[in-house]
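# Observations on the model geometry
Here is how the chains run, residue by residue.
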Amino acid sequence: MFIVMSPGATREQIAAVCDEISRMGLKAHPINGTTRTAIGVTGNKTQVAADHLLVLSGVEDVVHVSSPYRLASRESHPDSTVINVGGVKFGGSEFSVIAGPCAVESREQLMTAANRVARAGVKLFRGGAYKPRTSPYSFQGLGKPGLELLAEVRAKYGLRIVTEAIDTETIEMVAEYSDIIQLGARNMQNFSLLKKAGRMRKPVLLKRGMAATVEEFLLAAEYILSEGNEQVILCERGIRTMAEPARNVLDLAVIPQIKLLSHLPIIADPSHGTGRQARILPMSRASLAAGADGLLIEVHHAPEAALSDGPQAITLDEFDTLMAELRKLGPAVGRIVH
Ligand code: PEP
Ligand code: MN
C-alpha cells in the first residue's frame, strides 16, 4: 500500500501518518519526491482496511497494491483450480458444457430436453426449480416438485444437475438435489446466501451480477471461499450497457482478465449474455476461443412456448449443431469439449 501525500503536506502531517501506520502494526517508508511525499507501507499480509487514513490531514490518496480477495487471487494460489463434478472438470484442458431449459416446467418438457442433451454427449443438465423473476406475476418455478423432476433426470440419464438456489431458506434442499448449486446474478451480493453456500460441500456456480465490477465479482467468490468451500466456478452472464436491443452484453474480455487475477475456473453464459437465440452459436464459439472453461446454454424443445427466457433458448436440433461446431473448434484452441 502507498499513501500519497498532497504537494503541500507538512513534515508534521507526514509524521502523523507514519505514526498512525506504526499504530496499525505496519511499517512506514516515506519516499520524498520533489513536489510531494509518498509513504510505502509494508508488513501487511492481506489488504488492510485503510479508509481512515484518507481523512488524515495532508493525505491525497491511498493506493492498494495487494488484492482485496486473498483466497480467490492467483497471487495466493498460482495454479489453476480444477473442479471435478462427478468426472466432469472445470478449469483444466476440458471445456464442459451445461445445458437445459431456463426453468423446469413439466416432466415432459424436462425429459425431452434431457434426452437430447444426454444424446449430444453433454454431462451436465440445468433447469431452475426456483426462478428469480423481475416481475412477481411471472412464472416463479415449480419449487420442490421441480427439484424432484431433476432427480428423475439424474436417475434416468446419468446427467449431473445444476440448479439455482435463490434464498437461504431453500439452499439446503436445493443442495441435496444438485451436483452444482447455482447462485444467480441478482444474488451475487446476497452476502448471507454466499456465506451459506460457502458452508455447503457442493460446487457453486456463481454468476456475475449484471452491474458488478471484476473486483466485486471476485469478492463475492471470496465470501464462499472464506467459509471453507473451495469449489467455486465463476460465470460471465452479460452486463448491462446502453447497447440495445441486446438484453445484456456478454463481457468476453473479462475471461482473460479473471484468468490473470484468479485461479478459479470461469464459464460463459451466452444465453443470458445476449438474450437472443441467433447470437448463441457465434458467442459460444467466441467464449471457447477466449479461454472460457465451459458454457451454460438454455435449450427448449419449443422456445415459443417456454415459460421463461424463450427468446434466448435454442432448439434441441440447434443444440446438436452447436455441440458439433464446438467439438470442431476445441482442438484448434487446445480444449477437449464435453
Ligand atoms: C438463469 O440461469 O436462468 C438465470 C436466472 O440467470 P441470471 O442469474 O444470470 O439472470
Ligand atoms: Mn434463464
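Think of each chain on its own: its residues are numbered from 1, step by step along the sequence as written. Note on labels: chains are lettered from A, ligands numbered from 1, in written order. Local features in a predicted model are, by the rule used here, given only for residues with pLDDT of at least 70; side-chain atom pairs are given and counted only at 80 or more, and totals for whole chains, interfaces and linings are based on all residues. Calculation of side-chain values draws on the structure's entire complement of heavy atoms; hydrogens and water are dropped beforehand.

### Remarks on the overall build of the protein
Under the scheme used here, helices are H or I runs from DSSP no shorter than 4 residues and strands are E runs no shorter than 2 residues, and both carry numbers assigned from the N terminus. Per the secondary structure count, the protein includes 10 helices and 15 strands. By its C-alpha atoms, the protein is 75 × 45 × 40 Å across when sized along the principal axes. In the protein, buried positions account for 51% of the 338 residues. Residue-level accessible areas treat just the shown protein chains as cover; the underlying method is Shrake-Rupley with a 1.4 Å probe. Only carbon and sulfur atoms are counted for the fraction: they give 53% of the accessible area of the protein, which is about 14700 Å². The positive count covers Lys and Arg only, the negative count covers Asp and Glu only, and His and the chain ends enter neither. Here the site of a charge means atom NZ of a Lys, CZ of an Arg, CG of an Asp or CD of a Glu. Once the 37 positive and 36 negative side-chain charges of the protein are each reduced to a mean point, those two points are 4 Å apart. Burial status follows relative accessibility: with a 1.4 Å probe on protein chains alone, a residue under 20% of its type maximum counts as buried, one over 50% as exposed, and anything between as partly exposed.

### Comments concerning the environment of Asp 320
Tracing the sequence through the fold places Asp 320 in helix α10 (residues 316-329). The class for Asp 320 is partly exposed, based on a relative accessible area of 30%. Through-space distance from the C-alpha of Asp 320 to that of Arg 119 is 8.9 Å; in sequence the pair is 201 residues apart. The contacts of Asp 320, once residues within four sequence positions are left out, are Arg 116 and Ala 120. Residue contacts are defined here by distance: any two heavy atoms, one from each residue, within 4.5 Å place the two residues in contact.

### Notes on the packing of helix α6 (residues 214-226) against helix α7 (residues 254-261)
With axes taken as lines fitted to C-alpha atoms, and helix axes fitted only over the stretch in contact, angles between N-to-C directions fall between 0 and 180 degrees. Contact pair α6 / α7: the axes reach a minimum separation of 11 Å and the direction vectors enclose 55 degrees. Classed by the angle they form, the pair α6 and α7 counts as oblique. Between α6 and α7 lies a crossing of right-handed hand. Contacts from Val 214, Phe 217 and Leu 218 of α6 reach α7 at Val 254, Gln 257, Ile 258 and Leu 261. An angle below 35 degrees is read as roughly parallel, one above 145 as roughly antiparallel, one from 65 to 115 as roughly perpendicular, and any other as oblique. Each crossing is labelled by how the near helix is turned from the far one, with a counterclockwise turn of less than a right angle marking it left-handed and a clockwise turn marking it right-handed.

### Examining the nonpolar core
What is meant by a nonpolar core is a set of buried Ala, Val, Leu, Ile, Met, Phe, Trp, Tyr and Cys residues, joined one to another through side-chain atoms within 4.5 Å. Phe 125, Leu 183, Leu 206, Leu 234, Ile 297 and Phe 319 are the most contacted members of the largest nonpolar core, which has 67 residues in total. Top contributing element to this core by residue count: α6, with 7 residues. Excluding residues that lie within four positions of it along the chain, Leu 206 makes contacts with Leu 183, Met 188, Leu 194, Phe 217, Ala 220, Ala 221, Ile 224, Val 232, Ile 233, Leu 234 and Cys 235. Residues Ala 9, Ile 14, Val 17 and Val 62 belong to the second largest nonpolar core, which totals 15 residues.

### Some thoughts on the site of ligand 1
The local shell around ligand 1 consists of Cys 102, Arg 126, Lys 131, Glu 164, Gln 182, Gly 184, Ala 185, Arg 186, Lys 207, Arg 237, His 272 and Glu 298. Under this definition, polar contacts are N or O atom pairs within 3.5 Å; protein pairs additionally need one hydrogen-donor-capable and one acceptor-capable atom, and for neighbouring residues in sequence, both atoms have to be side-chain atoms. Within the side chain of Lys 131, a nitrogen or oxygen atom sits 2.9 Å from an oxygen atom of ligand 1. Any residue outside Ala, Val, Leu, Ile, Met, Phe, Trp, Tyr, Cys, Pro, Asp, Glu, Lys and Arg is labelled polar, Gly included; the first ten of those are nonpolar and the last four are charged. Grouping the amino acids of the shell around ligand 1 by side-chain chemistry returns 2 nonpolar, 3 polar and 7 charged. Neighbouring residues are identified by heavy atoms, a residue being near a molecule or strand if any of them is within 4 Å of it.

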